[in-house]
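Residue-level structural notes
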Amino acid sequence: MKNSIYEIQLRPTVVADLDTLFEFQLDHEARHLAAFTSKDSTDKKAYLAKYTRLLADPTINN
């Protein structure tokens, strides 16, 4: 089997990432392990509003 090398690059979160990140936070096990969760994890409108606001704030590193 050929060895594979993966390259990982970190970049700032952008609004276009929010749909994918919303899906990640719906995972039951991940929510169980998270320190802070929303009251209704299925409320996509509230999730997008919150994180769009946070991404627009230059004092927050997300």
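Relevant structure appears above.
For every chain, the first residue of the written sequence is number 1, and numbering continues from 1 along that sequence. The model is predicted, so local features are restricted to residues of pLDDT at least 70 and side-chain atom pairs to those at 80 or more, both for listing and for counting; the totals for chains, interfaces and linings are taken over all residues. The basis for every side-chain value is the complete set of non-hydrogen atoms in the structure, without hydrogens or water.

**Some thoughts on helix 1 (residues 18–25)**
Residue burial is assigned from relative accessible area. The probe radius is 1.4 Å, only protein chains are included, and a residue is buried under 20% of its type maximum, exposed over 50%, and partly exposed in between. A helix here means a DSSP run of H or I that spans at least four residues, while a strand means a run of E at least two residues long, and both kinds are numbered starting from the N terminus. Restricting attention to buried positions, one finds in helix 1 the residues Leu18, Phe22 and Gln25. All buried residues of helix 1 fall inside an arc of 65° around its axis, so they share one side. Residue contacts are counted whenever heavy atoms from the two residues lie within 4.5 Å of one another. Looking at the buried positions of helix 1, the neighbouring elements they touch are helix 2 (28–33) and helix 3 (44–56). Throughout, the arc means that of the directions going from the helix axis to the C-beta atoms.

**Description of the packing of aromatic side chains**
Note on ring pairs: Phe, Tyr and Trp rings are taken, using the six-membered ring of Trp, and paired if centres are within 6.5 Å. Classes follow the plane angle, with under 30 degrees stacked, over 60 edge-to-face and the rest tilted. Counted according to the given criterion, the structure contains two aromatic pairs. Note on Phe22 and Tyr47: the rings are 5.2 Å apart at their centroids and 65° apart in plane angle, and the pair reads as edge-to-face. On the criterion of sequence distance, the pair formed by Phe22 in helix 1 and Tyr47 in helix 3 is long-range, its members being 25 residues apart. With 4.7 Å between their ring centres and 40° between their planes, Tyr47 and Tyr51 make a pair best called tilted. One end of the pair, Tyr47, and the other, Tyr51, are both in helix 3, four residues apart, so they sit about a helical turn from each other.

**Quick look at helix 3**
Helix span, as expected, comes to 1.5 Å for every residue beyond the first. Here helix 3 spans 18 Å end to end across 13 residues, near enough to the 18 Å set by a 1.5 Å rise per residue. For helix 3, the N-terminal capping position is held by Asp43, with its side-chain oxygen 3.4 Å away from the main-chain nitrogen of Lys45. Polar contacts, as used here, are pairs of N or O atoms within 3.5 Å; protein pairs need one atom able to donate a hydrogen and one able to accept it. Residues neighboring in sequence count only if both atoms are side-chain atoms.

**Overview of the pattern of salt bridges**
Only one rule defines a salt bridge in this text: a Lys or Arg side-chain nitrogen within 4 Å of an Asp or Glu carboxyl oxygen. A complete count under the given rule lists two salt bridges for this structure. Close ionic contact of Asp17 with Arg11 constitutes a salt bridge, the shortest N to O distance being 2.8 Å. Residue classification places Asp17 among the buried residues on the basis of a relative accessible area of 18%. Asp19 is the salt-bridge partner of Lys44, the closest N and O atoms lying 3.0 Å from each other. Linking Lys44 in helix 3 with Asp19 in helix 1, this pair joins segments that are 25 residues apart in sequence. The class of Lys44 is partly exposed, set by a relative accessible area of 31%.

**Regarding the environment of Asp40**
As for its position among the elements, Asp40 is in the loop between helix 2 and helix 3. Separated by 14 residues in the primary sequence, Asp40 and Leu26 place their C-alpha atoms 10.0 Å from one another.

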